[in-house]
Number of protein chains: 2
Amino acid sequence: MSELRRDPITDSWVIIAPDRAARPLDFPIANARPSAQATCPFCAGREHETPPEIASIRDAKGWRVRVVPNKFPALRREGTTGGGVEGLLESAAAVGAHEVIIEGPEHVLSLTGLPKERIPEILATWKSRLLDLKRDSRLAFGLLFKNVGERAGASLEHVHSQLIAAPVVPVRVRAELERCVHHHRETGRCLLCDLIAQERKDGARMVAETARFIVLAPWASKAPFETHILPKGHASHFEATDDAGIAELAEALRTTLIRIERALDGPAYNVLVCGAPLNAPASDSYHWRLEIIPRVAGVAGFEWATGFFINTVAPETAAARLRDLPV
Amino acid sequence: MSELRRDPITDSWVIIAPDRAARPLDFPIANARPSAQATCPFCAGREHETPPEIASIRDAKGWRVRVVPNKFPALRREGTTGGGVEGLLESAAAVGAHEVIIEGPEHVLSLTGLPKERIPEILATWKSRLLDLKRDSRLAFGLLFKNVGERAGASLEHVHSQLIAAPVVPVRVRAELERCVHHHRETGRCLLCDLIAQERKDGARMVAETARFIVLAPWASKAPFETHILPKGHASHFEATDDAGIAELAEALRTTLIRIERALDGPAYNVLVCGAPLNAPASDSYHWRLEIIPRVAGVAGFEWATGFFINTVAPETAAARLRDLPV
């Protein structure tokens with residue numbers, strides 16, 4: 001059973017989840033196995049190895065996308081223990097959700113290994129899961145993310161994403177929301193709308209642009225080749241994107257991942273869908289974004305302690321390289 | 001030449017350091033080489049491969065500790081470019097320091113591989129370097145840290161620590177300082193003095209105790225077997241520790257590392273010396289600590305995006321295991 005604990009010094013929450021220690025790993029430290037396909041619980045034919053499906057997309061030939069609860073969840077929707085405060089030590093009921101979106105029946109490692117026409121329905125599934133969890137009033141915050149490759153924190157190779165929803169908004173996200181509210185109060189405008197306008201005008205960090213989205217290497221990139229995709233029109237929640245937007249985003253994500261995989265020779269990476277809290281109404285001040293973080297550099301002691309990252313590739317260099325790559 | 005950039009969304013600073021991309025790595029991704037001793041620039045006999053010494057401890061037989069500038073520095077003390085603001089994009093002069101403390105002439109991987117009588121002079125070197133950098137009024141913040149093993153961000157195996165000093169206090173550290181000031185204003189006491197009293201009384205997360213220090217697994221540990229060493233008496237800066245305290249801390253650190261290395265079979269780890277800013281006077285509200293972070297789990301997408309860590313080992317479990325191990 002998990003427990004949420006607040007750090008009395010930093011105010012950050014931590015999920016203590018002893019049950020997750022039992023999960024299988026495709027990536028032993030020795031990297032001995034080239035592929036884990038032979039035992040992969042996400043491959044077609046091994047559906048009985050996952051918990052019962054929450055949702056799926058199927059046709060006569062079988063499933064194309066399955067959503068299941070994480071078998072080793074960080075947080076669960078039921079059976080939580082209550083929180084409490086004892087002196088300086090505070091815990092909270094560890095209610096939440098931890099779902100896995102299995103993005104195809106075939107054992108490929110990255111979204112770019114799937115037929116392009118199937119990516120939109122994967123992103124539509126991300127959206128529908130977020131919309132479903134929004135209805136649970138106990139959940140304040142949700143993050144849709146992908147861990148691809150061992151260096152990005154994946155425990156299984158098979159193409160998948162995850163969704164964690166928690167009863168508290170992380171302190172770092174709260175601080176970001178507050179900065180956006182502050183900018184909106186001062187200027188009457190959204191901080192990211194302003195930033196997008198400045199980046200489009202400058203151009204040095206732009207990677208690509210579609211009708212509704214821009215792809216850029218952010219000014220203060222924490223990681224080499226960090227790349228963000230943002231809607232040009234103001235929107236606080238990814239899950240409010242309409243079908244045409246989902247299709248366009250899917251293609252922008254696919255082509256950007258292809259560029260990054262070519263530039264860095266198939267790196268481990270994370271994808272993060274950063275939006276306003278699940279339980280917040282549409283906001284004039286916050287603007288969602290999708291982040292792609294190639295994990296070619298580790299998180300060393302300095303970064304761990306301070307959150308102050310050292311990045312050896314200037315975003316202007318990364319953007320120029322990504323722009324020039326054919327897709 | 002490095003550049004400091006502020007993230008307009010999160011307010012965090014990032015060091016863009018293209019020169020560091022050229023540094024050699026003992027740890028190729030394939031992990032092909034068992035040891036890098038044959039070419040190690042930190043071993044005795046290869047002193048000419050490092051930049052000129054800043055400080056050293058020697059006797060008739062040669063050096064035991066050397067301090068050199070990092071050959072591939074994230075920040076430098078001289079020759080920086082000025083900062084500026086253009087719209088939402090802010091940069092700052094990348095003045096700073098990035099030093100390497102080579103902790104012995106022999107190619108060992110961890111402090112625990114050195115004779116115990118030599119550890120105090122290593123910690124005394126940490127102290128003297130921090131005291132020296134304090135005299136540079138441009139430097140606001142300094143962090144002494146160790147990266148041990150590839151998963152902890154080390155690029156070289158040979159036992160060493162690093163010191164990075166920067167002209168700005170990281171936003172995460174600033175937030176922690178503010179929380180401590182707030183607690184002191186509300187209660188008249190130091191937050192960590194209160195926490196230490198509570199932890200000693202509770203006992204469940206205590207690992208060891210000496211005359212002046214306690215060793216504990218923190219309530220909201222972010223990583224399995226995360227362990228902190230704190231002075232029992234109030235002190236805001238590590239570098240103010242007297243010689244007897246340095247000797248006692250050195251032995252507490254050595255025995256704690258031995259316990260962690262036995263419990264986890266020689267894990268990669270970071271050591272972080274977290275104190276009040278270099279340029280701050282002694283403070284009644286902030287209390288320094290030394291953190292040991294075993295890096296058995298990676299930083300996956302959820303943690304990267306939110307700072308909200310998932311830890312599969314309860315600190316009470318880790319503390320009990322560490323307490324029971326012989327040293």
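### So, the overall build of chain A
Reasoning step 1: From N to C terminus, chain A includes six helices and 15 strands.
Reasoning step 2: Taken against the 2.2 N^0.38 rule, which gives 20 Å for 327 residues, the C-alpha radius of gyration of chain A at 20 Å falls within 12% of a compact globule.
Reasoning step 3: Each of the three principal axes of chain A carries a C-alpha extent, and together these read 55 × 50 × 40 Å.
Reasoning step 4: Burial status across chain A gives 52% buried among its 327 residues.
Reasoning step 5: A sequence separation of at least 24 residues applies to 70% of the contacts in chain A between residues at least 6 apart.

### What to know about the packing of helix α1 (residues 119-134) of chain A against helix α4 (residues 243-264) of chain A
Packed helices, taken two at a time, are described by the angle their axes make and the gap between the axes.
Residue and element names in this part refer to chain A.
Reasoning step 1: One can describe the packing of α1 onto α4 by two numbers: an axis separation of 8 Å at closest approach and a directional angle of 115°. As for the relative orientation of α1 and α4, their crossing is right-handed in sense. For the pair formed by α1 and α4, the contact residues are I119, P120, L123, A124 and K127 on the first element and I246, A247, L249, A250, L253 and R254 on the second.
Reasoning step 2: For the contact of α1 with α4, the class distribution of residues is nine nonpolar, no polar and two charged.

### As for the interface of chain B and chain A
Quite often, the size of an interface is put as the accessible area lost when its parts meet.
Reasoning step 1: Taken residue by residue, the interface counts 63 residues in chain B and 63 residues in chain A.
Reasoning step 2: Secondary structure elements with two or more residues in the side of chain B that touches chain A: β1 (3-6), β2 (13-16), β8 (141-148), α2 (171-187), α3 (191-202), β13 (269-274), α5 (301-306) and β15 (309-311) of chain B.
Reasoning step 3: Looking at the side of chain B that touches chain A residue by residue, the class counts come to 36 nonpolar, 15 polar and 12 charged.

### Structural notes on the environment of D136 of chain B
Residues and elements named next belong to chain B.
Reasoning step 1: Within the secondary structure layout, D136 lies in the loop between α1 (119-134) and β8.
Reasoning step 2: When the 16 C-beta atoms within 10 Å are taken as the criterion, D136 is described as partly exposed.
Reasoning step 3: Separated by 142 residues in sequence, D136 and L278 place their C-alpha atoms 9.4 Å apart.

### Considerations on the sheet that holds β2 of chain B
Reasoning step 1: Spatial ordering of the open sheet is given by β15(A)-β2(B)-β1(B)-β6(B)-β5(B), a layout of five strands whose pairing is mixed. The sheet is open, and its two edges are formed by β15 (309-311) of chain A together with β5 (84-86) of chain B, each paired on a single side. If you compare each strand with its neighbour and ignore which way they point, the axes differ by 25° on average.
Reasoning step 2: Strand direction decides the pairing type here: β1 of chain B and strand β6 (residues 89-92) of chain B, joined by three bridges, are antiparallel. Bridging from a neighbouring strand, R5 of chain B pairs with S91 of chain B of β6 of chain B.

### A closer look at the nonpolar core
Reasoning step 1: Grouped together as the largest cluster of nonpolar side chains are 189 residues, with contacts concentrated most on I15, A165, L272 and V273 of chain A together with I15 and A165 of chain B.
Reasoning step 2: Mapping this core onto the domain boundaries places at least three of its residues in each of domain 1 (3-170) and domain 2 (172-324) of chain A.
Reasoning step 3: Sequence-distant contacts of I15 of chain B, that is, excluding residues within four places in its chain, are made with F308, I310 and N311 of chain A together with S2, L4, A74, L75 and A94 of chain B.

### Notes on unusual backbone geometry
Reasoning step 1: Backbone geometry places D265 of chain A, a non-glycine residue, at a positive phi of 60°.
Reasoning step 2: For D265 of chain A, the position within the fold is in the loop between α4 and β13 (269-274).
Reasoning step 3: Even without being glycine, F225 of chain B reaches a positive phi, approximately 65°.
Reasoning step 4: Tracing the backbone through its elements, the reader meets F225 of chain B in the loop between β11 (213-216) and β12 (227-231).
Reasoning step 5: A count of 25 C-beta atoms within 10 Å places F225 of chain B in the buried class.

### Brief notes about the pairing of strand β10 (residues 206-209) of chain B
All names here are of chain B.
Reasoning step 1: In terms of strand pairing, β10 meets β11 through three bridges, oriented antiparallel. Opposite E209, over in β11, you have I214 as the bridge partner.
Reasoning step 2: Linking β10 back to β11 in an antiparallel pair, the connection comprises three residues.

### A look at the confidence of the model for chain A
Residues and elements named next belong to chain A.
Reasoning step 1: In the predicted model, chain A carries a mean pLDDT of 93, and 95% of its residues have values of at least 70.
Reasoning step 2: Low confidence marks residues 28-34, where pLDDT is under 50. Its contacts with residues over four positions away, or in another chain, come to two contacts.
Reasoning step 3: Interface scoring of the predicted complex returns ipTM 0.92; its pTM is 0.94.

### Points about helix α2 (residues 171-187) of chain A
Reasoning step 1: Between its first and last C-alpha, α2 of chain A extends 24 Å over 17 residues, near the 24 Å set by a 1.5 Å rise per residue.
Reasoning step 2: When α2 of chain A is considered as a whole, its buried residues turn out to be R172, V173, A175, E176, C180 and H183 of chain A. Along the long axis of α2 of chain A, the arc covered by the buried residues comes to 160°, so they all point the same way. Opposite the packed face of α2 of chain A, turned more than 90 degrees from it, sit the exposed residues E178, H182 and R185 of chain A.
Reasoning step 3: For α2 of chain A, the secondary structure elements touched by its buried residues are β8 (141-148) and α3 (191-202) of chain A together with α5 of chain B.
Reasoning step 4: Backbone geometry just after α2 of chain A places G188 of chain A at a positive phi near 80°.

### Details of helix α4 (residues 243-264) of chain B
Structural remark: α-helix, 3.6 residues per turn; residues separated by three or four positions point the same way.
Residue and element names in this part refer to chain B.
Reasoning step 1: The end-to-end C-alpha distance of α4, which contains 22 residues, comes to 31 Å, matching closely the 32 Å that a straight helix rising 1.5 Å per residue would cover.
Reasoning step 2: Buried residues of α4: I246, L249, A250, A252, L253, T256, L257, R259 and I260, and no others.
Reasoning step 3: Downstream of α4 by one or two residues, D265 has phi in the positive range, about 60°.

### Some details on the relation of the copies chain B and chain A
Reasoning step 1: The two copies are related by a screw operation: chain B maps onto chain A through 180° of rotation and 0.0 Å of translation along the axis, at an RMSD of 0.0 Å. Both chain copies can therefore be described as sitting about a two-fold axis. For chain B, the minimum C-alpha distance to the rotation axis belongs to V299 of chain B and amounts to 3.7 Å.
Reasoning step 2: A share of 100% of the interface residues of chain B reappears at the interface of chain A, consistent with the copies meeting face to face through the same patch.

The rules behind the values
- Residues numbered from 1 in each chain as written.
- Chains lettered and ligands numbered in written order.
- Predicted model: local features only at pLDDT ≥ 70, side-chain atom pairs only at ≥ 80, totals over all residues.
- Helix = DSSP H or I, 4+ residues; strand = E, 2+ residues; numbered from the N terminus.
- Rg over C-alpha atoms; globule rule 2.2 N^0.38 Å.
- Buried ≥ 20, exposed ≤ 12 C-beta atoms within 10 Å, placed from the backbone.
- Contact = placed C-beta atoms within 7 Å.
- Axes fitted to C-alpha atoms, helices over the stretch in contact; angles between N-to-C directions.
- Left-handed = near helix turned anticlockwise from the far one by under 90°.
- Nonpolar A, V, L, I, M, F, W, Y, C, P; charged D, E, K, R; others polar.
- Pairing = 2+ DSSP bridges.
- Core = buried A, V, L, I, M, F, W, Y, C linked by C-beta atoms within 7 Å.
- Domains from an automatic or database assignment.
- pLDDT = per-residue confidence, 0-100.
- Expected span 1.5 Å × (residues − 1).
- Arc of directions from axis to C-beta.
- Least-squares fit on C-alpha atoms with pLDDT ≥ 70 in both.

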